[in-house]
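So you can see what is in the structure, the chains are spelled out below.
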Amino acid sequence: MAESKKKCRQYSIDYLKFGFIPSLPDKTLPMCLLCNKVLSNDAMKPSKLEDHLKRCHPEKTRKELKYFQTLKEKFQKRSAMDSMFAATLKKDDDGLRASYNISLLIAKSGKPHTIGEQLILPAIEEVLKTVLHRPAYDILKKIPLSNNTVQRRIDEMSHYVESYLCNYLQATYFSIQLDESTLPGNEALLLAYVHFVMDQEIHEELLFARTLTTDTKGESIFNVLKDYFTEKAIPLTNIISAATDGAPAMVGRYRGFLSHLKQYVPGRVFPNPN
């Protein structure tokens, strides 16, 4: 004979005189208003609820029903307030997420950071008012896109990406590609790209772009690379190959960048046209 299903006891308003209301997440479970403890469904009967009141809150056993009604009202107001704050926080989180996503789009486009306030927010406002027929102010104030905010968002995201990449390079082999170029104003810039395997796919990422403050000699270029690797705790021995633009400062037999790299990465064979 099949075992009969266990009976599920239901809450009764009469249980309030023992200080119990239905639990918010599960109405079949009684919750004590005095200690907020949630009991099992088996305890949903007068004798067990009264026993809990006498054992855990003996000083409240003589309280009248009105006392527990007041506690219930206060609890419901507090729960409603908590729900309202939770909904507000979620909306604020959505606005913050939109702020980061739009800042990322601005960074990828290469446009000035002021485009957020000057074009994007007005465009969103126009869509909300004209197409969706919704007031725009409450929504737009949750999406900060000032020039400083966009800059800060981009810096935070780039720092996270750099940290993630450097942490990965600390424990894997990779190839590096260096390119030294001169900017307007005769300022020398060193770009470093890395090629590595992740999830069985080859990836290429910009590792850093740093100014050569002294000169563009091979030793200076190597020192910039070495200082960066030291700062990020990336072993130079993880470099398995290096590619350059072929300039003498890069590939010189005795003073070029590759000659200095070979001293720190023994056993690696780097191409040297000289």
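Up top is the structure.
Calculation notes
- Residues numbered from 1 in each chain as written.
- Predicted model: local features only at pLDDT ≥ 70, side-chain atom pairs only at ≥ 80, totals over all residues.
- Heavy atoms only, no water.
- Phe/Tyr/Trp six-rings, centres within 6.5 Å; stacked < 30°, edge-to-face > 60°.
- Helix = DSSP H or I, 4+ residues; strand = E, 2+ residues; numbered from the N terminus.
- Buried < 20%, exposed > 50% of the residue type's maximum accessible area, 1.4 Å probe, protein only.
- Lys NZ or Arg CZ within 6 Å of the ring centre and 35° of its normal.
- Salt bridge = Lys/Arg side-chain N within 4 Å of Asp/Glu carboxyl O.
- Axes fitted to C-alpha atoms, helices over the stretch in contact; angles between N-to-C directions.
- Parallel < 35°, antiparallel > 145°, perpendicular 65-115°, else oblique.
- Left-handed = near helix turned anticlockwise from the far one by under 90°.
- Contact = heavy atoms within 4.5 Å.
- Nonpolar A, V, L, I, M, F, W, Y, C, P; charged D, E, K, R; others polar.
- 1 Å grid on protein atoms, 1.4 Å probe; cavity = no way out; pocket = protein on both sides within 12 Å on 5 of 7 lines; lining within 4 Å.
- Points joined across faces, edges and corners; volume = space filled by probe spheres on them.

Quick notes on the packing of aromatic side chains
Turning to step 1, where the next piece is worked out: Scanning the model with the defined rule gives eight aromatic pairs in all.
Turning to step 2, where the next piece is worked out: Note on Phe 174 and Phe 229: the rings are 6.1 Å apart at their centroids and 50 degrees apart in plane angle, and the pair reads as tilted. Here Phe 174, found in strand S3 (residues 174-183), pairs with Phe 229, found in helix H6 (residues 218-231); they are 55 residues apart in sequence, far enough to count as distant.
Turning to step 3, where the next piece is worked out: Given the relative accessible area of 1%, Phe 174 is considered buried.
Turning to step 4, where the next piece is worked out: A network of ring pairs unites the aromatic residues Phe 174, Phe 208, Tyr 228 and Phe 229 as a single cluster.
Turning to step 5, where the next piece is worked out: The positively charged end of Lys 63 is found above the aromatic ring belonging to Tyr 67, 5.0 Å away from the centroid.
Turning to step 6, where the next piece is worked out: The lysine or arginine in question, Arg 153, covers the ring of Tyr 100, its NZ or CZ lying 4.6 Å from the ring centre.

A closer look at the pattern of salt bridges
Turning to step 1, where the next piece is worked out: The final tally for this structure, using the stated rule, is eight salt bridges.
Turning to step 2, where the next piece is worked out: The closest approach of N and O atoms between Lys 232 and Glu 231, which form a salt bridge, is 3.6 Å.
Turning to step 3, where the next piece is worked out: A single network of salt bridges, built from pairs that share partners, joins Glu 162, Arg 210, Glu 231 and Lys 232.

Section: the packing of H6 against helix H8 (residues 257-264)
Turning to step 1, where the next piece is worked out: For the pair H6 and H8, interaxial distance at closest approach is 7 Å and the crossing angle is 45 degrees. As judged from the angle between their axes, H6 and H8 are oblique. Two packed elements cross with a definite hand, and for H6 against H8 that hand is right-handed. In contact with Gly 218, Glu 219, Ile 221, Phe 222, Leu 225 and Lys 226 of H6, H8 contributes Phe 257, His 260, Leu 261 and Tyr 264.
Turning to step 2, where the next piece is worked out: Residues of the contact of H6 with H8, tallied by class, amount to six nonpolar, two polar and two charged.

Quick look at the layout of surface pockets
One water molecule sets the probe size; rolling that probe over the atoms shows where empty space is left.
Turning to step 1, where the next piece is worked out: Roughly 220 Å³ of internal volume is contained in the largest pocket.
Turning to step 2, where the next piece is worked out: Surrounding the largest pocket, Ser 158, His 159, Val 161, Glu 162, Leu 165, Glu 205, Leu 206, Leu 207, Phe 208 and Ala 209 form its lining.
Turning to step 3, where the next piece is worked out: If you list the elements that add at least two residues to the lining of the largest pocket, you get helix H5 (147-169) and strand S5 (201-211).
Turning to step 4, where the next piece is worked out: Its residues placed into classes, the lining of the largest pocket shows six nonpolar, two polar and two charged.

Observations concerning the environment of Val 194
Turning to step 1, where the next piece is worked out: Relative to the assigned elements, Val 194 resides in strand S4 (residues 187-198).
Turning to step 2, where the next piece is worked out: The buried category is assigned to Val 194, whose relative accessible area is 0%.
Turning to step 3, where the next piece is worked out: C-alpha of Val 194 to C-alpha of Leu 178: the two residues are 16 residues apart in sequence and 8.9 Å apart in space.
Turning to step 4, where the next piece is worked out: Once residues lying within four places of it in the same chain are set aside, the contact partners of Val 194 are Leu 165, Leu 169, Phe 174, Ser 175, Ile 176, His 203, Glu 204, Glu 205 and Leu 207.

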